[in-house]
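Here is how the chains run, residue by residue.
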Amino acid sequence: TAASTVVATQTLANPGPKTIGLIGTGALAEAHLTAFGAQSDTMRVVLWGRKPEAAHAIAQQAPSQVKVEVYDKLADLIAEADVLCTLTASSDPILGGSQLRPGQHINLVGSSTANDLEVQADVLTRGPAWLDDIAAAKANAAEIRRIVDQGHKTWADFTCTIGGVLAGDHPGRQHRNEITIFKSLGLFAQDILAAQAVLKSSAHFGGEPRRIQSP
């Protein structure tokens, strides 16, 4: 999941050094801190969570080359970050469209069921959104389902995927001041690729990969 967020950010965010804002202090935050820390052009990370002690604990686990700052106020993090990642299990919106500034890229990651709502509806009106999978979004992307149900947009507005951008089938960011949004729900293809990477690594270090047979 964190790796796909990094890919989406590399694909949709403005190029150059970035300040990455992580909102949340759970396992997703830890994984994203590690994933972004592996990128040479994203060395500054700002972090906020409802429990400051949890935020500081995660910051202490950061890779040595990554500068991590814990923010006391979410509004300050939102204003500072070039890239925002919502990584919570919140059912109440924590981010509003009026808080966003031109040029930001937003990764909506934490909400993964039809009932989770990390952001207010107006976030999805601030710019175009890309999906990891259209069918999954129709089933479980609560923020998008809500804005479609309210009549502010239709599903025809949500037909672009990150894979389509990488394949050259869909356009990405159109200009520097555009607010771009990626809605992540997770794909089984990510699990397959991760398993392949583990098998290749095992072979490289002398292990013998085995074919996994279905029961």
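As the structure is a computational prediction, the values presented were derived from the model and not from experiment.

Student: Hey, could you run me through the overall build of the protein in this one?
Tutor: Across its full length, the protein holds eight helices and seven strands. The burial tally for the protein puts 45% of its 215 residues in the buried class. Sequence-distant contacts, at least 24 apart, represent 72% of the contacts inside the protein between residues at least 6 apart. Working note: accessible area of the protein is about 11,000 Å², and carbon and sulfur atoms make up 52% of it.

Student: Can you walk me through the pattern of salt bridges in this structure?
Tutor: Pairs can form between side chains of opposite charge once their charged atoms are near each other. Scanning the entire structure with this criterion turns up five salt bridges. Here Asp 82 makes a salt bridge to Arg 101, at a shortest N to O gap of 3.2 Å. Taken together, the positions of Asp 82 in the loop between helix H4 (74-80) and strand E4 (83-86) and Arg 101 in the loop between E4 and strand E5 (105-108) put the pair 19 residues apart, joining distant regions of the chain. Judged by its relative accessible area of 27%, Arg 101 is partly exposed. We note a salt bridge from Glu 143 to Lys 183, for which the minimum N-O separation is 3.4 Å. You can see Glu 143 sitting in helix H6 (residues 142-149) and its partner Lys 183 sitting in strand E7 (residues 180-183), a full 40 residues away along the chain. With a relative accessible area of 2%, Lys 183 lands in the buried category. Residues participating in the shared-partner salt-bridge network are Arg 44, Lys 67, Glu 69 and Glu 80.

Student: Explanation requested: the pairing of strand E1 (residues 19-23) in the structure shown.
Tutor: Consecutive residues of a regular strand have side chains that alternate between opposite faces of the sheet. Taking burial as the measure, the five residues of E1 include five buried ones, the bulk of the element. With burial as the criterion, each face of E1 is covered, one bearing Thr 19, Gly 21 and Ile 23 and the other bearing Ile 20 and Leu 22.

Student: Which parts of the structure should I look at to understand the packing of helix H1 (residues 2-12) against helix H2 (residues 27-37)?
Tutor: Helix-helix packing is characterised by the crossing angle of the two axes and by the distance between the axes. Where H1 meets H2, the axes come as close as 8 Å, and the angle between the chain directions of the two elements is 50°. Our classification of the angle between H1 and H2 gives oblique. Once H1 is placed against H2, the crossing between them reads as right-handed. Along the contact surface, H1 presents Ala 2, Ala 3, Thr 5, Val 6 and Thr 9, while H2 presents Ala 31, His 32, Ala 35 and Phe 36. Of the residues that constitute the contact of H1 with H2, the class distribution is six nonpolar, three polar and no charged.

Student: What exactly am I supposed to notice about the nonpolar core here?
Tutor: Proteins that are soluble and globular tend to have nonpolar side chains buried together. In this structure, Leu 77, Leu 84, Leu 95, Ile 106, Leu 124, Phe 158 and Ile 181 are the most contacted members of the largest nonpolar core, which totals 29 residues. Those elements that place two or more of their residues in this core are strand E2 (44-48), H4, E5, strand E6 (129-131), helix H5 (134-140) and H6. In contact with Leu 77, other than residues within four places in its own chain, are Gly 21, Leu 22, Ile 23, Val 46, Leu 47, Trp 48, Tyr 71 and Leu 84. If you look at the next biggest cluster of nonpolar residues, it comprises 19 residues, including Leu 33, Ala 55, Val 66 and Val 109.

Student: So what exactly am I meant to see when it comes to the environment of Glu 30 here?
Tutor: With respect to the element layout, Glu 30 can be found in helix H2. For Glu 30, a relative accessible area of 35% gives the class partly exposed. Taking C-alpha positions, Glu 30 is 9.2 Å from Ala 2, a pair spaced 28 residues apart along the chain. What Glu 30 contacts, discounting residues up to four positions off in sequence, is Ile 58 and Gln 61.

Calculation notes
Residues numbered from 1 in each chain as written. Predicted model: local features only at pLDDT ≥ 70, side-chain atom pairs only at ≥ 80, totals over all residues. Heavy atoms only, no water. Helix = DSSP H or I, 4+ residues; strand = E, 2+ residues; numbered from the N terminus. Buried < 20%, exposed > 50% of the residue type's maximum accessible area, 1.4 Å probe, protein only. Contact = heavy atoms within 4.5 Å. Areas by Shrake-Rupley, 256 points an atom, 1.4 Å probe, with all protein chains shown as cover. Salt bridge = Lys/Arg side-chain N within 4 Å of Asp/Glu carboxyl O. Axes fitted to C-alpha atoms, helices over the stretch in contact; angles between N-to-C directions. Parallel < 35°, antiparallel > 145°, perpendicular 65-115°, else oblique. Left-handed = near helix turned anticlockwise from the far one by under 90°. Nonpolar A, V, L, I, M, F, W, Y, C, P; charged D, E, K, R; others polar. Core = buried A, V, L, I, M, F, W, Y, C linked by side-chain atoms within 4.5 Å.

Any link to function would need more than the numbers given here.
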